[in-house]
Each structure stands twice: as structure tokens, then as C-alpha cells.
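# Overview (structure and organization)
One letter stands for each residue in the lines below.
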Amino acid sequence: GNSVTQMEGPVTLSEEAFLTINCTYTATGYPSLFWYVQYPGEGLQLLLKATKADDKGSNKGFEATYRKETTSFHLEKGSVQVSDSAVYFCALSGVQGAQKLVFGQGTRLTINP
Amino acid sequence: NAGVTQTPKFQVLKTGQSMTLQCAQDMNHNSMYWYRQDPGMGLRLIYYSASEGTTDKGEVPNGYNVSRLNKREFSLRLESAAPSQTSVYFCASRLQGSLAKNIQYFGAGTRLSVL
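So, a few notes on the structure that sits alongside this text. As the structure is a prediction and not an experimental result, all values here were calculated from the model.

Attention now moves to the sheet that holds strand β3 (residues 19-21) of chain A. Residues and elements named next belong to chain A. What the 4 strands build is an open sheet, ordered β3-β9-β8-β7; its pairing is antiparallel. Each edge of the open sheet is held by one strand with a lone partner, namely β3 and β7 (56-59). Sheet twist, expressed as the average angle between the axes of neighbouring strands with direction ignored, equals 15°. Sheet topology note: the strand β8 (residues 62-65)/strand β9 (residues 75-77) ladder contains 2 bridges and is antiparallel. Across the sheet, Phe62 pairs through a bridge with Lys77, a residue of β9.

Listed by partner, the interface residues are 19 residues for chain B and 20 residues for chain A. When chain B packs against chain A, the two sides together hide about 1,600 Å² of surface, and 58% of this comes from carbon and sulfur. The largest per-residue losses of area from chain B upon contact with chain A belong to Leu43, Asn102 and Phe106 of chain B, which jointly make up 31% of the total buried on that side. At the junction of chain B and chain A, the tally comes to 0 salt bridges.

Residue and element names in this part refer to chain A. Counting across every chain of the model gives 2 disulfides over all chains. Shown here is the disulfide that connects Cys23 with Cys90, its sulfur atoms set 1.9 Å apart. Disulfide Cys23 to Cys90: torsion about the S-S bond roughly -70°, handedness left-handed. Placement of the pair is Cys23 in strand β4 (residues 23-26) and Cys90 in strand β10 (residues 86-93), with a sequence separation of 67 residues. Residue Cys23 is classed as buried on the basis of its relative accessible area, which comes to 1%.

Core analysis: the largest hydrophobic core is formed by 26 residues, its most contacted members being Trp35, Leu47, Leu48, Phe73, Leu75 and Tyr88 of chain A. Counting residues per element, the ones that place at least two in this core are β2 (11-14), β3, β4, β5 (32-38), β6 (44-50), β8, β10 and β12 (107-112) of chain A. Core analysis: the second largest hydrophobic core is formed by 20 residues, Val4, Cys23, Leu76 and Ala81 of chain B among them.

Residue and element names in this part refer to chain A. With 6 bridges joining them, β5 and β6 adopt antiparallel strand pairing. Its bridge partner being in β6, Tyr36 is matched across the sheet by Leu46. Two successive antiparallel strands, β5 and β6, enclose a turn made up of 5 residues, where Gly41 displays a positive phi of approximately 75°.

About the cut-offs
Residues numbered from 1 in each chain as written. Chains lettered and ligands numbered in written order. Predicted model: local features only at pLDDT ≥ 70, side-chain atom pairs only at ≥ 80, totals over all residues. Heavy atoms only, no water. Pairing = 2+ DSSP bridges. Helix = DSSP H or I, 4+ residues; strand = E, 2+ residues; numbered from the N terminus. Axes fitted to C-alpha atoms, helices over the stretch in contact; angles between N-to-C directions. Contact = heavy atoms within 4.5 Å. Buried area = accessible area lost by both parts, 1.4 Å probe. Salt bridge = Lys/Arg side-chain N within 4 Å of Asp/Glu carboxyl O. Disulfide = S-S within 2.5 Å. Buried < 20%, exposed > 50% of the residue type's maximum accessible area, 1.4 Å probe, protein only. Core = buried A, V, L, I, M, F, W, Y, C linked by side-chain atoms within 4.5 Å.

Purely spatial values, then, with no claim about function.
This is the structure we're talking about:
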């Protein structure tokens, strides 16, 4: 079945550092890939997405590229801010039927000033 | 811009009690979902409703029931709560169709403790 594996956390960085959170997946066919972010005390919000191979999703300075050859969708940001502190979830969705989301376990990111 | 609204936000139950978590969306979405979030395990799908009038089991349905009351509302019921059901519960909805690009929209969550 479909599955998502994320980099273990927690991750702690200093402000303006470079961020990478690794995500790899196992899926049949050509899933859509997502990064969701959960700020403290809130629900999940879509951060970015990619629907086919070599697509690059981007939002708020974050980027991730859909790499079918390595089954990966790593999240990157060149210069993190304190306000980026949150839990980040990688997820995939099949293209048929109800298109259920399968989530990774989440990575807690803390940015220190 | 209400989006997906969940009630209550917090609840404490004793083992064996029952309760219903409510979820409503005002985006005219076809599909709705219930997830639970546990530390180190991400979100796991409990039940979903692909469209009004249909419901299906997800990954962890045991101990839960759902009702798709109408297009807007999708409730989750715990008939006899157990400590293993202590979790944060999220409702989500999605608009079907290619333009929707599979994006799910989430509520703020219900934090449930079963003692």
C-alpha cells in the first residue's frame, strides 16, 4: 500500500539557516504529493503541492520537487524564520476514488532567534 | 470564511462514555474525512465520505461510527470511549474534480482525553 516516510525530528535551527526536511514515498501509479504545516494549537494548512513528476511546489519561500526516480519530495527553505516553527507533514494522495491522504509522521521544527 | 468548523474544541470523557464530534463545512465540498493525530504517528484516517450518502472505513475505524448527515455535516461518534481513543481529531473536506487538485482543508481539531 501507499506510505510516506519523513525525516525524524525534532529539528532545531537558528534563524536564517538552510532547512531540508526529507520525505520519501511508496505508491502505485502517480500520486499527488503535499506538504502540510501545523502551527501550534491549529489545524493543518496546505503549504505546497505537486501533482506530477518534476513539478516544483513553492509557497512562503518553501520549495519541494516531485522526484519520481528517487520517490522523494524533500522540503527546503533557504533562510528560515522564527515564525516557521511548526510541525510539517508530508503526504500523498492517490488519483482515483476518494483520494485519501496518507501522511508521514510529521517533523517538529523549532527556529531559535 | 468559516471553512471547516469542528465542535467541541476540547472534551474529557470517562471510560465507557459516549460522545459525538461534530464537523461542518461551508465550501460546498463533496468529500469529508475524519483523522486522528497521535504523537509520532502523523494523521491516520478513521472514516471518510466520498460524497453525500456514502461512508467508508479508513485505516483505523474500530470503536468509531460516522454519519454524513447532509452535504455540509459529517459527525464522528464514539459509542464507548476507551483510553486508547485519547487523541486529537481532525475533520477535513475536499472538492471533487480535477480543478480541486486533491487539496483537503482541515478544521482546527478536537482534543479528546479519555480517563
